[in-house]
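Given next are the chains, with one letter for each unit.
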Amino acid sequence: LLVTGATGGIGREICIYFSNIGYKVIGLYNKNKETADFLSEKYGVATYQVDISNQQGVSLALCDIQKKYGKISVVINSAGVTKRGLLQDNTEQDYLDIFNVNVKGVFNI
């Protein structure tokens, strides 16, 4: 089971839940190493630091994951970002950052 956004609130809980019911869980995260280490140590989640908006980084990580663990049967795309509250308050760069993670990241996976 592959979970993106593994160190965010929802992603973390998904990793814990599926690990507790016997799945081999692989979690992708971008910035929160402390939570990634917690998931690894307490729940046996294999974690990879990957910016899912970067296609080359995703490809390298997925190749490594498939070599180590074999076929990925389930993917849960939990990664997502927001910037400012209302759409009209966001800059063009904010929009691009949001799009690159929330849409392009799913495509890359």
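Note: the structure precedes this text.
It should be emphasised that the depicted structure is a prediction, and the values quoted were computed from it without experimental measurement.

## Structural notes on the pairing of strand E3 (residues 46–49)
Put simply, side chains in a regular strand alternate between the two faces of the sheet.
So, step 1. Along E3, the buried face is formed by Ala 46 and Tyr 48; none of Thr 47 and Gln 49, which line the opposite face, is buried.
So, step 2. Pairing of strand E2 (residues 26–29) with E3, which is carried by four bridges, proceeds in the parallel orientation. The partner of Ile 26 across the bridge, within E3, is Ala 46.

## Points about the sheet that holds E2
So, step 1. Across the sheet, four strands lie side by side as E3-E2-E1-E4; this open sheet has parallel pairing. Every other strand in the sheet has two partners, leaving E3 and strand E4 (75–77) as the edge strands with one partner each. Neighbour to neighbour, the strand axes of the sheet diverge by 15° on average, direction disregarded.
So, step 2. In terms of strand pairing, strand E1 (residues 2–4) meets E2 through three bridges, oriented parallel. Across the sheet, Thr 4 pairs through a bridge with Leu 28, a residue of E2.

## Examining the packing of aromatic side chains
So, step 1. Inspection of the entire model under this criterion finds four aromatic pairs.
So, step 2. Between Phe 18 and Tyr 23, the aromatic rings sit 5.1 Å apart at their centres with planes inclined by 90°, giving edge-to-face as the arrangement.
So, step 3. When the ring of Phe 38 is compared with that of Tyr 43, the centres are 5.8 Å apart and the planes differ by 75°; the resulting orientation is edge-to-face.
So, step 4. Under the relative-accessibility criterion, Phe 38 is labelled partly exposed at 35%.
So, step 5. An aromatic cluster of three or more residues is present, and its members are Tyr 17, Phe 18 and Tyr 23.

Calculation rules
- Residues numbered from 1 in each chain as written.
- Predicted model: local features only at pLDDT ≥ 70, side-chain atom pairs only at ≥ 80, totals over all residues.
- Heavy atoms only, no water.
- Buried < 20%, exposed > 50% of the residue type's maximum accessible area, 1.4 Å probe, protein only.
- Helix = DSSP H or I, 4+ residues; strand = E, 2+ residues; numbered from the N terminus.
- Pairing = 2+ DSSP bridges.
- Axes fitted to C-alpha atoms, helices over the stretch in contact; angles between N-to-C directions.
- Phe/Tyr/Trp six-rings, centres within 6.5 Å; stacked < 30°, edge-to-face > 60°.

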